[in-house]
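# Tertiary structure, described
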Amino acid sequence: MQPTQDVLIPEVIQQIPLTYYLILSTALFVIGIIGVLTRRNAIIIFMSVELMLNAVNLLLIAFSSYRSDSAGQVFVFFIMAVAAAEVSVGLAIIVMIYRNTRSIDVGLLNKLKW
């Protein structure tokens, strides 16, 4: 009799060392930071912020599976809900910026300065 898939998932996840998850999420987070700091396109900036949120979600899932605790997975669900709200508000702001300036370059938004 073969074991079910539910039994194999924690074993498969725990066979990968935790340091691999740390390295992958650190790389994703650094790519996101570089994207936020170097790009001038508003859509690329929002994509970089989402990449950083996904890096944090990856770590939360890895830690919660290693500890066999579902609290991290529940927290990831709430982070994803907040990220979806952030994307909808961010895209609405980008659309309004494009309507007013005909560009989504954040360097052109100097009207908010003193």
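Residues numbered from 1 in each chain as written. Predicted model: local features only at pLDDT ≥ 70, side-chain atom pairs only at ≥ 80, totals over all residues. Heavy atoms only, no water.

### As for the packing of aromatic side chains
Aromatic rings considered in pairs are described by the distance between their centres and by the relative angle of their planes. How we decide: Classification of ring pairs rests on two measures: the distance between centres of Phe, Tyr or Trp rings, Trp counted by its six-membered ring, which must be within 6.5 Å, and the angle between planes, read as stacked under 30 degrees, edge-to-face over 60 and tilted in between. Starting at the N terminus, helices and strands are each numbered in turn, a helix being any DSSP run of H or I of at least four residues and a strand any DSSP run of E of at least two. Buried residues are those whose accessible area, probed at 1.4 Å on protein chains only, stays under 20% of the maximum for their type, while exposed residues exceed 50% and partly exposed ones sit between those limits.
Inspection of the entire model under this criterion finds two aromatic pairs. Relative to tyrosine 66, the ring of tyrosine 21 has its centre 6.3 Å away and its plane inclined at 80°; by these criteria the two rings are edge-to-face. Of this pair, tyrosine 21 sits in helix α2 (residues 18-38) while tyrosine 66 sits in helix α3 (residues 42-66); the two residues are 45 residues apart in sequence, bridging distant segments of the chain. Here the aromatic rings of phenylalanine 77 and phenylalanine 78 are separated by 5.8 Å at their centres, their planes lie at 65°, and the arrangement is edge-to-face. Note on phenylalanine 77: relative accessible area 57%, which makes it exposed. Taking the relative accessible area as the measure of exposure, phenylalanine 78 reaches 49% and is therefore partly exposed.

### Details of the environment of isoleucine 79
Rule in force here: Note on definitions: a residue-residue contact is assigned when non-hydrogen atoms from the two residues lie within 4.5 Å.
Residue position: isoleucine 79 is located in helix α4 (residues 71-101). For the pair isoleucine 79 and leucine 53, spaced 26 residues apart in sequence, the C-alpha to C-alpha distance is 7.8 Å. Those residues in contact with isoleucine 79 that lie beyond four places of it in its chain are Leu53, Asn57 and Leu60.

### Notes on the packing of α3 against α4
Our working definition: What counts as an axis is a line fitted to C-alpha atoms, over the stretch in contact for a helix, and the angles between N-to-C directions run from 0 to 180 degrees. Angles are sorted into four bins: roughly parallel if under 35 degrees, roughly antiparallel if over 145, roughly perpendicular if 65 to 115, and oblique for all others. Polarity classes work like this: nonpolar for Ala, Val, Leu, Ile, Met, Phe, Trp, Tyr, Cys and Pro, charged for Asp, Glu, Lys and Arg, and polar for all others, with Gly in that last group.
Between α3 and α4, the least distance of the axes is 9 Å, while the angle of their chain directions is 175°. Between α3 and α4, the angle falls in the class roughly antiparallel. Contact with α3, carried on its side by Ala42, Ile43, Phe46, Val49, Glu50, Leu53, Asn57, Leu60, Ile61 and Ser64, involves Gly72, Gln73, Phe75, Val76, Ile79, Met80, Ala83, Glu86, Val87, Gly90 and Ile94 of α4 and no other residues of that element. For the contact of α3 with α4, a count of residues per class yields 14 nonpolar, five polar and two charged.

### Comments concerning the packing of α2 against α3
To be explicit about the condition: Working rule for handedness: look at the near helix, and if it is turned counterclockwise from the far one by less than a right angle, call the crossing left-handed; if clockwise, right-handed.
Relative orientation of the contacting elements α2 and α3 amounts to 165°, with a least axis distance of 7 Å. Comparing their axes, α3 and α2 come out roughly antiparallel. The crossing of α2 and α3 is left-handed. Between α2, through Leu18, Tyr21, Leu22, Leu24, Ser25, Leu28, Phe29, Ile31, Gly32, Ile33, Gly35 and Val36, and α3, the contact on the second element is made entirely by Ile45, Ser48, Val49, Leu51, Met52, Ala55, Val56, Leu58, Leu59, Ala62, Phe63 and Tyr66. When its residues are assigned to classes, the contact of α2 with α3 shows 20 nonpolar, four polar and no charged.

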